[in-house]
Amino acid sequence: MEQRISLVTLGVADLGRARAFYEALGWSSAARPGDDVVFFQTGGMVVGLWSRAELARDSGVEDTGGWGGVTLAHNVSSPADVDAVIEEARSAGATIAREPAATFWGGYSGLFIDLDGHPWEVAHNPGWSLDADGAIRLPE
């Protein structure tokens, strides 16, 4: 197995509402309004939105409704970009779990929770490089 992730699918309670939230953040999808899954191209990978119940069934797991132990991250090129993305999320209806601030690891980050409870850290890490297409590169 190659060391990469191709797709992350988020289980959502209301697909239309979730799609509108991500579109309010500036994301776009070619999915039609009646489609039962929405895919967003995000740099070199894809983020999907699908019914939480269908995703659990398809994944062979029981949905207990709790947090799944995963936090997503969106890295940006500056602290000002962190602030801007957190404000976009706030305007789209997200809950801000952690306002942007300097971190213990020398970066700057904030955290929002989308309308279905998925936490997203928005971070600037000065030790990592960010390509023009948004791909992140760890130091060698």
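This text goes with the structure placed above it.
Residues numbered from 1 in each chain as written. Predicted model: local features only at pLDDT ≥ 70, side-chain atom pairs only at ≥ 80, totals over all residues. Heavy atoms only, no water.

Moving on, we come to the side chain of aspartate 116. Within the secondary structure, aspartate 116 is located in the loop between strand 6 (108-113) and strand 7 (119-124). We classify aspartate 116 as buried; its relative accessible area is 16%. For aspartate 116, the side chain forms a polar contact with the main-chain nitrogen of alanine 13, separated by 2.6 Å. The contact partners of aspartate 116, leaving out residues within four places of it in the chain, are Gly11, Val12, Ala13, Asp14, Arg17 and Ala18. (Helix = DSSP H or I, 4+ residues; strand = E, 2+ residues; numbered from the N terminus. Buried < 20%, exposed > 50% of the residue type's maximum accessible area, 1.4 Å probe, protein only. Polar contact = N/O pair within 3.5 Å; in protein donor to acceptor, adjacent residues only side chain to side chain. Contact = heavy atoms within 4.5 Å.)

The next point concerns the sheet that holds strand 3 (residues 45-51). Pairing is mixed across the open sheet formed by three strands, whose spatial order is 1-3-2. The two strands at the open ends of the sheet, each matched to only one other strand, are strand 1 (7-12) and strand 2 (37-42). Adjacent strand axes in the sheet meet at a mean angle of 20°, parallel and antiparallel pairs treated alike. Summarising the sheet, strand 1 and strand 3 pair through six bridges and their orientation is parallel. The residue bridging leucine 10 from the neighbouring strand is leucine 49, located in strand 3. In the packing of helix 1 (residues 15-24) onto the sheet, contacts are made with strand 1, strand 2 and strand 3, and the angle to strand 2 comes to roughly 20°. (Pairing = 2+ DSSP bridges. Axes fitted to C-alpha atoms, helices over the stretch in contact; angles between N-to-C directions.)

Further remarks concern the packing of aromatic side chains. One pass over the structure, following the stated rule, counts eight aromatic pairs. Residues tryptophan 27 and tryptophan 120 carry aromatic rings whose centres are separated by 5.8 Å and whose planes lie at 85° to one another, so their mutual orientation is edge-to-face. A residue pair is termed long-range when its members are at least 10 positions apart, and tryptophan 27 in the loop between helix 1 and strand 2 and tryptophan 120 in strand 7 qualify at 93 residues. Among the residues examined, tryptophan 120 registers a relative accessible area of 6% and is labelled buried. Through a chain of ring-to-ring contacts, three or more aromatic side chains come together here, namely Phe21, Tyr22, Trp27, Phe40, Phe112 and Trp120. (Phe/Tyr/Trp six-rings, centres within 6.5 Å; stacked < 30°, edge-to-face > 60°.)

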